[in-house]
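Residue-level listing of the chains:
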Amino acid sequence: MSTDKKLWTTLVLVVSGTFLVLGFFGGEIYRQAPPIPARVVTESGTILMSADEILDGQQVWQSTGGQQLGSIWGHGAYQAPDWSADWLHRESLALLDVWSQAEYGVDYELASPDEQGALESRLQRELRTNTFDEDTGDLVVSDQRALAMATTAEHFHALFGGHPSLDGLREDYALHDGAVTDPERLERLTDFFFWTSWACVTERPGKSYTYTNNWPHEPLVGNAPTAANILWSVLSIMLLLGATAALVWYHEARRKDEGPLTIPRRDPLARLQVTPSMRAVAKYAAVVVALFVVQVLLGALTAHYTVEGDAFFGISLSGILPYAVTRTWHVQTAIFWIATAFLAAGLFLAPWIGGREPRYQKLGVNVLFGALLLVVGGSLVGEWLSIQQKLGLDAGFWFGHQGYEYVELGRAWQIALFGGLILWLVLMLRGLWPALSRRDSEHGTIALFTAAVVAIGTLYGAGLFYGARSHLSVAEFWRWWVVHLWVEGFFEVFATGTLAFLFTRLGLVHARNAKRAFLASTTIFLLGGIPGTFHHLYFSGTPVSVTAIGAMFSALEVVPLVLIGWEALETLRMEHKAVWMDRYRWPIRFFVGVAFWNLVGAGLFGFLINPPVALYFMQGLNTTPVHAHTALFGVYGLLSLGLILMILRKLGSDRPWREGALQYSFWAMNGGLALMVVLSLLPIGLAQTWASVEHGLWYARSADFLQLPALETLRWLRIVGDSVFLSGVAALAWFTLGLKTGWSYEGEPAPALTSRAQEA
């Protein structure tokens, strides 16, 4: 069997096998998810809540912004508490007070150490014992616990309902006044919070650990890392080291087989004929830059809310743009502009790869552009209306806010976006089809690139497999299909294929070597990436088997990133081997930046929170946005901007660029991102980790800890990195605008080029 056939066979086996693993253990998530009791009743027979009321509460939580306002089971925003952990701690203290008053006549804090020890032992027995009856569907709680639950609920009623006594705490949480004003909705919201907390502390039948695998860390109730948590962490690290060594050996062996490369003397892209549909992609580039500017401004405002919870340098904005809105829009516009850049790159490449312009392709590109604008505008308005409690619960889910991070847009807008992706898929296949029919040296690369296109067009549909009232564990499973598989997985494959094709056409790599490298890297990445989806679900009400699969396979995701830096350096050296390479110097620099942040952001910072025992203490802390910012912008953001610059280089004038603004933009954005992490996010995350280990997650996320002077100073220091980054974004916007006005070009346009520049 030839080398190419072996690589293709291996890839097919890996993809089919890993999806089988993902599907089988996804079924286990359905089967072993924490039960939602038909009724929660007291020992004396009082009905406290029903399953429908708990699910109503889930919808109320979604309507407030859901994971963009605090977090549940560690997933969501980092400013307000994790509501499941916060409820658990407050309910525990309230129950201890009930018992202490009854037995010793004083609150728990005033009892003697021996008395406190006896009460804490009783607390663990009370809360960890599973009293759910599978036959009746009833969850029975003691009358004393019902009193503690009522006391805890009163706190959250006052907090979300806007009671003046908690104005200061709301400011610390960046929670806008009157987030939930309807008394019925407040009742249902606390029902939901209780259930998520109950799953955190209640042991699975016949097990010594809880439905969330003992997460969060809470010494008061005996929540500590399980043996499986530690074991699979150790094994994942061993696998990472062994697989990395094997890949380095393979890489060196492969390099010996590569022949010498001759760089073309003339620019290979000079002969490229720009088709009408390719030229129509220019408007996508403009929208990418505009959305990028909006996104970073929203990010700056969101970050500032962590120090002034309801204002921006004294100007009160939370009534109009509360934290939940700005963070929602910040995340959504990031997804929109990065996805738009990838769609634009595909539409630009398709006729080039195929060698011809399909009929009505330009019309399709323009229709898709209008649809994307409709989805972006409609979804952002709907999210604002939902958070402002202007929509009913069902209408809010469909047209407002779904409540889940990265898929916040209402279901109707989500369906419309999926329809747009299907249209994009059709346009791509029409353009690529002639190339797929040819059997030349690029066929294998194009075939795998096409497979990635199909995956991008279809996998987003996984986000439609849950509803507003789906079990939280099930919704999380499908949500991570979108976030991990769609964005982190097949977008990565698409990007690898795009660069392989570009570098092949530029003559920077042999077509055969590009194809084999593309096949090998995709196989290795997907081997870890597909089942590695489970590393997001260690503590989301999933069985231990999910932890084992997630830990072992996700460790393999880091392995190919080790070699990316070497490949980037090789690419960087190429730019001096031909004069014409200067035309593409800065797009290539952006691609090199991608390689750096892939290793540091996705690799180093990703693995920091990847092993189960690390994530046990770090989930929901600022170590997560360290990884999120450096991976999402550092990898996908820089890659998107590099692709857009390549498109603009070809669509614009042939004159040299004035590169001063672009050079400053590149270094300012990368430097600002590094400063943001080093001066603020990482130190805060590590300090929170210490607090989580010492006292529990509730404390690491509490206002008492985060409002300490040292932590507040660290949050203020973020303004340094943010300001540098923002200046880089402004320089990029200035440069891009200058491509239209002419100030970003050197010299005067030649007469023959004037009409082309204006048309672009």
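Just above, that's the structure.
Remember, predicted model here, so these are calculated numbers, not experimental data. (Residues numbered from 1 in each chain as written. Predicted model: local features only at pLDDT ≥ 70, side-chain atom pairs only at ≥ 80, totals over all residues. Heavy atoms only, no water.)

Caption draft 1: Fine view of the environment of Val 41. Considering the arrangement of structural elements, one finds Val 41 in strand S1 (residues 39–42). Residues Val 41 and Asp 138, 97 residues apart in the sequence, show an inter-C-alpha distance of 6.9 Å. Beyond its immediate stretch of four places on either side in the chain, Val 41 contacts Thr 46, Ile 47, Leu 48, Leu 139, Val 140 and Val 141. (Helix = DSSP H or I, 4+ residues; strand = E, 2+ residues; numbered from the N terminus. Contact = heavy atoms within 4.5 Å.)

Caption draft 2: Looking closely at the packing of helix H2 (residues 51–63) against helix H13 (residues 393–400). At their nearest, the axes of H2 and H13 sit 9 Å apart, and the two run at 45° to each other. Classed by the angle they form, the pair H2 and H13 counts as oblique. Between H2 and H13 lies a crossing whose hand is left-handed. Across the interface between the two elements, Asp 56, Gln 59, Val 60, Gln 62 and Ser 63 from H2 touch Leu 393, Asp 394 and Phe 397 from H13. Taken together, the residues of the contact of H2 with H13 break down into 3 nonpolar, 3 polar and 2 charged. (Axes fitted to C-alpha atoms, helices over the stretch in contact; angles between N-to-C directions. Parallel < 35°, antiparallel > 145°, perpendicular 65-115°, else oblique. Left-handed = near helix turned anticlockwise from the far one by under 90°. Nonpolar A, V, L, I, M, F, W, Y, C, P; charged D, E, K, R; others polar.)

Caption draft 3: Summary view of the side chain of Glu 492. Inspection of the secondary structure puts Glu 492 in helix H16 (residues 472–505). Accessibility expressed as a relative area gives 13% for Glu 492, which makes it buried. Within the structure, the side chain of Glu 492 is placed 3.5 Å from the side chain of Asn 598, a separation counted as a polar contact. The residues touching Glu 492, leaving out its near neighbours within four places in the chain, are Val 487, Phe 525, Asn 598, Val 635 and Tyr 636. (Buried < 20%, exposed > 50% of the residue type's maximum accessible area, 1.4 Å probe, protein only. Polar contact = N/O pair within 3.5 Å; in protein donor to acceptor, adjacent residues only side chain to side chain.)

Caption draft 4: Spotlight on the nonpolar core. With 213 residues, the main nonpolar core has Phe 160, Phe 193 and Phe 292 as its most contacted residues. Looking at this core, the element that brings in the most residues is H16, giving 21 residues. Apart from the residues within four sequence positions on either side, Phe 160 is in contact with Leu 69, Trp 83, Leu 175, Gly 178, Ala 179, Val 180, Leu 186, Leu 189 and Phe 193. Counting 5 residues, the second largest nonpolar core, distinct from the first, contains Ala 174, Leu 301, Tyr 305 and Tyr 323. (Core = buried A, V, L, I, M, F, W, Y, C linked by side-chain atoms within 4.5 Å.)

Caption draft 5: Quick look at helix H23 (residues 660–695). Counted at 1.5 Å a residue, the expected span for H23 with its 36 residues is 52 Å, and the 51 Å between its end C-alpha atoms agrees. The principal kink in H23, of about 40°, is found at Val 677. Looking one or two places after H23, you find Gly 696, whose phi comes out positive at around 125°. (Expected span 1.5 Å × (residues − 1). Bend = angle between axes of the 7 residues up to and from the residue.)

Caption draft 6: View of a nonpolar patch on the surface. A cluster of nonpolar side chains, namely Phe 312, Phe 313, Ile 315, Leu 675, Trp 716, Leu 717, Ile 719 and Val 720, defines an oily patch on the protein surface of about 650 Å² accessible area. For the nonpolar patch, the element with the highest residue contribution is helix H26 (residues 709–741), accounting for 4 residues. As for its position among the elements, Ile 719 is in helix H26. Residue class for Ile 719 comes out partly exposed when judged on its relative accessible area of 38%. (Patch = residues over 30% accessible without salt bridge, like charges linked within 9 Å, V, L, I, M, F, W, Y side chains within 5 Å. Areas by Shrake-Rupley, 256 points an atom, 1.4 Å probe, with all protein chains shown as cover. Salt bridge = Lys/Arg side-chain N within 4 Å of Asp/Glu carboxyl O.)

Caption draft 7: Examining the sheet that holds strand S5 (residues 138–141) more closely. Taken in spatial order, the 3 strands make up an open sheet running S2-S1-S5, and their pairing is mixed. In this open sheet, the two edge strands, each paired with only one partner strand, are strand S2 (47–50) and S5. Neighbouring strand axes in the sheet, compared pairwise and without regard to direction, differ in orientation by 20° on average. Two strands pair when backbone bridges link them, and S1 and S5 are joined in this way by 4 bridges, in the parallel orientation. Bridge pairing in S5 links Thr 42 to Val 141. (Pairing = 2+ DSSP bridges.)

Caption draft 8: Geometry of the packing of aromatic side chains. Tallied over the full model, the rule gives 48 aromatic pairs. With centroids separated by 6.1 Å and ring planes inclined at 80°, the aromatic side chains of Trp 83 and Tyr 173 adopt a geometry described as edge-to-face. Remark: Tyr 173 occurs in helix H6 (residues 167–173) and Trp 83 occurs in helix H3 (residues 83–104); sequence separation between them is 90 residues. The same class applies to Trp 83 as to Tyr 173, namely buried. Positioned above the aromatic ring of Phe 369 is the side chain of Lys 283, whose terminal nitrogen or guanidinium carbon lies 5.7 Å from the ring centre. Lying over the aromatic face of Tyr 466, Arg 411 brings its terminal NZ or CZ to 5.1 Å of the ring centre. (Phe/Tyr/Trp six-rings, centres within 6.5 Å; stacked < 30°, edge-to-face > 60°. Lys NZ or Arg CZ within 6 Å of the ring centre and 35° of its normal.)

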